[in-house]
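# Results of the structural survey
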Amino acid sequence: QMAHQAERQGWHLYLVGGAVRDVLLADSSAELALTDIDLVVDGFYQAAQVGAGVSLAQGIKHSHPEVDLQVYGRFQTAALVWHRDGDSSLASLMIDIATARTEFYPYPAANPEVEASSIRQDLYRRDFTINAMAIRLTQPGAGLLLDFFGGWVDLHHRCVRVLHANSFIEDPTRIYRAVRFAVRLAFQIDPQTEGFIHHALDSGIYTQMQQQVAKVPALQTRLKNELKYILEAAYWQPALGLLDKLGALKCLHSQLAMSERLWHQLRRVSRWIQRFDFEHHLVPWQMRLEVLLAELPKSERSRVAKNLQLPQPTIDRLAHLDHLESDWRQTLPACQTPSQIVQQLRRHDLATLLLVSARHPRPLGQIIWRYLTHWAEVRPPLNGHDLKQLGYRPGPRYRQILAALLAATLDGHIQSR
Ligand code: CTP
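First, a word on scope: everything that follows refers to the structure included in this document. The model shown is predicted, which means the values in this text are computed figures rather than measured ones.

### Some remarks on helix α17 (residues 338-345)
By the criterion of burial, α17 is predominantly enclosed, with six of the eight residues buried. Residues of α17 that are buried: Pro-338, Ser-339, Ile-341, Val-342, Gln-344 and Leu-345.

### Re the site of the ligand
Near the ligand there are 14 residues, and of these Arg-21, Asp-127, Asp-171, Arg-180 and Arg-184 occur at the shortest range. Between Gly-18 and the ligand, the recorded distance is 3.1 Å, taken from a backbone N or O atom to an oxygen atom. In the model, an oxygen atom of the ligand is placed 2.8 Å from a nitrogen or oxygen of the Arg-184 side chain. Of all the secondary-structure elements, those providing two or more residues to the shell around the ligand are α2 (18-25) and α8 (173-185). By residue number, the principal contributor to the shell around the ligand is α8, which donates six residues. Considering only residue class, the shell around the ligand consists of one nonpolar, four polar and nine charged.

### Comments concerning the environment of Phe-276
Counting through the fold element by element, Phe-276 comes out in helix α13 (residues 260-276). Phe-276 sits in the buried class, given a relative accessible area of 5%. Put simply, Phe-276 and Glu-7 are 269 residues apart on the chain and 56 Å apart in space, counted from C-alpha to C-alpha. Dropping the residues within four chain positions of it, Phe-276 is found in contact with Leu-350, Leu-354, Trp-369, Leu-372 and Thr-373.

### As for the packing of aromatic side chains
Applying the stated criterion across every chain yields a total of seven aromatic pairs. Arranged with centres 6.1 Å apart and planes meeting at 80°, the rings of Phe-128 and Phe-181 form a pair that is edge-to-face. Note that Phe-128 is positioned in the loop between α5 (119-124) and β8 (134-136) and Phe-181 in helix α8, a separation of 53 residues in sequence. According to the relative accessible area criterion, Phe-128 is buried, its value standing at 0%. The exposure class of Phe-181 is buried, given its relative accessible area of 2%. Ring geometry for Phe-276 versus Trp-369: centroids 5.3 Å apart, planes at 80°, classification edge-to-face. Here Trp-369 lies in helix α19 (residues 361-373) and Phe-276 lies in helix α13, a separation of 93 residues in the sequence. Residue Trp-369 is classed as partly exposed on the basis of its relative accessible area, which comes to 34%. Among the aromatic residues, those joined into a cluster by ring pairs are Tyr-124, Phe-148 and Phe-149. Positioned above the aromatic ring of Phe-181 is the side chain of Arg-180, whose terminal nitrogen or guanidinium carbon lies 5.0 Å from the ring centre. The residue whose ring lies beneath Arg-180 is Tyr-229, and the NZ or CZ to ring-centre distance is 4.0 Å.

Procedures and definitions
Residues numbered from 1 in each chain as written. Predicted model: local features only at pLDDT ≥ 70, side-chain atom pairs only at ≥ 80, totals over all residues. Heavy atoms only, no water. Buried < 20%, exposed > 50% of the residue type's maximum accessible area, 1.4 Å probe, protein only. Helix = DSSP H or I, 4+ residues; strand = E, 2+ residues; numbered from the N terminus. Near = heavy atom within 4 Å. Polar contact = N/O pair within 3.5 Å; in protein donor to acceptor, adjacent residues only side chain to side chain. Nonpolar A, V, L, I, M, F, W, Y, C, P; charged D, E, K, R; others polar. Contact = heavy atoms within 4.5 Å. Phe/Tyr/Trp six-rings, centres within 6.5 Å; stacked < 30°, edge-to-face > 60°. Lys NZ or Arg CZ within 6 Å of the ring centre and 35° of its normal.

Purely geometric stuff here, so don't read any function into it on its own.
Here it is as C-alpha cells:
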C-alpha cells in the first residue's frame, strides 16, 4: 500500500539498513522474520520530499487505525507500530519511514542536522557498507538493489567496513556497533576500519563523550542502547572481549579495562542471577554493567551511571557500594549467629547482594550464598495468625515476638515451621 501511494506521488520507496543486510544474508530456505524495518522515501523534487515519509505513514494509519503512529518532526521521520494481540507493551512490527536526507554534523559527536537530499546521500551517512544498501520497493525498477559502497562484496567477505574515515569521530557509538555486528554475524572488522577506531579513540573522542553529557545527551542514550544490546546478547563475552581489545571501554571511563578478576565477577553475577532471580526482577545486562562500573574508582561510579541514564536504584547502589562493602567486610565475618547475619542482609535487595557477592566471593559471597540458599527461607513455627489464635491482641508486640521467634529458629533453638 505504501509503495503504491509513493508511486502515485512520483516518489521512490526503499527498504534500507539492517533489513536489507538480513534479507541478503538469509538462507533462502529459512524463514526470515523482520520485526524492525527501515524505509526511506526519495522523490524527484526536493521540496516534495520533506515530510514525504510522514505523509506515507499517515496513509497507513488512515486505513489501519489500530496501528500506532509517531512522528518525529525535526528528522522528518514517522514510526508505525503494530502491537501483538493488542498488548501495547509488545511491539511485533515496527516500521520507520524517513525522508531521504543528508546530514551534516555541526561538531563531532553531535546530533545530525537534517536537510532534504537523495537516497545515495541517505545511505552515505550510515555506519557500515553492509548496512548502507537499499532495495527499491516501487516501480519502475522494484526489487533493484542499490549498493553504492560495496556492501554486497563485504557481506560475502564477512567484513565490517565504514564508509569514510570520520565515521567514528562523527558517532563514537559506532565503535560498539562494529563490535556487535562483527561478533553477532561472525564477521571481521576490516583492518583499515580498525585503524579508524584506534584513531577516534586516540583523538580523545571518549573524553568528549564523558564531558559533553549536557551538550549531547543523545550520545549517552545511544551508548547505553549499544551497551544494552551487547550485554544482553548471548555473545556478550566475546563482544566485551573485543571492545576491551580495541580499547573501546575507554568510552565509558578512561580507566575501564578488563582483567581476569573482572571476568570472574561478570560470570559469577550472571550465574547467580540464573540461580536466585526466580521472579526475574533483575535485568541481567544492567547487573553486568553495574559490575563493570563498580570496577571504577569509587568516586566515579555513580557519576558514570548517571551519565548513562541508568535507573536510580543502580545509581544509588553504586554510590553506596563502597560504604556497604567496608561495613560488611568488618561486620559479617564477625557475626556469631545466623540471626545476626539475617538481620543485616534482609534489608537489602537481591541486586545489592549479588553485586557484593560477585566482587567479594570470599568471605562475603560465601555468607550471602548461605543466606540466599538457606537462611532467607527459614520461617518461625508461628505466624501472626497463630498469635491471634493464642489470644495475643494484634499490635506492635507482634513484630517483636515474631522477630524473636525467627531469630530462635535461625539459631537452632526451636524447630522451624
Ligand atoms: N545507523 C547508523 N549509525 C548508527 C546507528 C544506526 O548508521 N549509530 C544506521 C544503519 O544503517 C543501520 C540503521 O541505521 O542499519 C538502523 O539502525 P539499527 O536499527 O540500530 O540497526 P540495524 O542495522 O537494523 O541492526 P539490528 O539488526 O541489530 O537492529
